[in-house]
Amino acid sequence: QVQLVESGGRLVQAGGSLRLSCAASGRTASNYAMGWFRRAPGNEREFVAAITASGDSTNYAYSVKGRFIISRDNAKNTMYLQMNSLKPEDTAEYYCAADVEYFSGSYGYPTYWGQGTQVTVSS
């Protein structure tokens, strides 16, 4: 029903910024809550941020709040994660996710996932 493709991951220096994108297939992005998860080497998958289908509400993991901004452009079927003040601890593979219902790090669980994009932050 939904295919997700992340892009934008690359090597950046600490303190820098990076913008990730997640493109959804078809013309149904406005019907889905979307968000980002990440997995660092040796760690479990971690919730990063989520946004409601309409874009009227967002939530963030405490570790990224104030530094990352999630947004979406439903006309383009695309979701974004603006990452600022990057730290080496942000190094991880980042995954785009979507579901017909709202989800967060403590509520619900997304059904659809992208393939991941690698973000590496050097000291």
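Structure: see above.
Residues numbered from 1 in each chain as written. Predicted model: local features only at pLDDT ≥ 70, side-chain atom pairs only at ≥ 80, totals over all residues. Heavy atoms only, no water.

> Can you help me understand the pairing of strand E7 (residues 68-73) in this one?
Each regular strand shows side chains that alternate between the opposite faces of the sheet. Across the two faces of E7 the burial differs, with Phe68, Ile70 and Arg72 buried and Ile69, Ser71 and Asp73 not buried at all. Judged from the six bridges that link them, E7 and strand E8 (residues 78-83) form a sheet pairing that is antiparallel. Its bridge partner being in E8, Ile69 is matched across the sheet by Gln82. Adjacent in sequence and paired antiparallel, E7 and E8 are bridged by four residues, among which Asn77 carries a positive phi angle near 55 degrees. (Buried < 20%, exposed > 50% of the residue type's maximum accessible area, 1.4 Å probe, protein only. Helix = DSSP H or I, 4+ residues; strand = E, 2+ residues; numbered from the N terminus. Pairing = 2+ DSSP bridges.)

> Which parts of the structure should I look at to understand the environment of Gln118?
Tracing the backbone through its elements, the reader meets Gln118 in strand E11 (residues 117-122). When its relative accessible area of 38% is taken as the criterion, Gln118 is described as partly exposed. C-alpha separation for the pair Gln118 and Glu6, spaced 112 residues apart in sequence, amounts to 9.6 Å. If near-sequence neighbours (up to four positions away) are discounted, Gln118 is found in contact with Gly9, Arg10, Thr91, Ala92 and Glu93. Polar side-chain contacts of Gln118 include one of 3.4 Å to the backbone oxygen of Ala92. There is a polar contact of 3.4 Å between the side chain of Gln118 and the side chain of Thr120. (Contact = heavy atoms within 4.5 Å. Polar contact = N/O pair within 3.5 Å; in protein donor to acceptor, adjacent residues only side chain to side chain.)

> Would you mind going over the pattern of salt bridges with me for this structure?
Oppositely charged side chains may form a pair once their charged atoms are brought near each other. In total, this model carries three salt bridges according to the counting rule given. Between Glu46 and Arg38 there is a salt bridge, with the nearest N and O atoms lying 2.9 Å from each other. Residue Glu46 is classed as partly exposed on the basis of its relative accessible area, which comes to 31%. Asp90 is the partner of Arg67 in a salt bridge, and the nearest nitrogen-oxygen pair spans 2.8 Å. A residue pair is termed long-range when its members are at least 10 positions apart, and Arg67 in the loop between strand E6 (58-60) and E7 and Asp90 in the loop between E8 and strand E9 (92-99) qualify at 23 residues. On the basis of relative accessibility, which here comes to 11%, the residue Arg67 falls in the buried class. One continuous salt-bridge network, built from bridges that share partners, spans Arg38, Glu46, Arg67 and Asp90. (Salt bridge = Lys/Arg side-chain N within 4 Å of Asp/Glu carboxyl O.)

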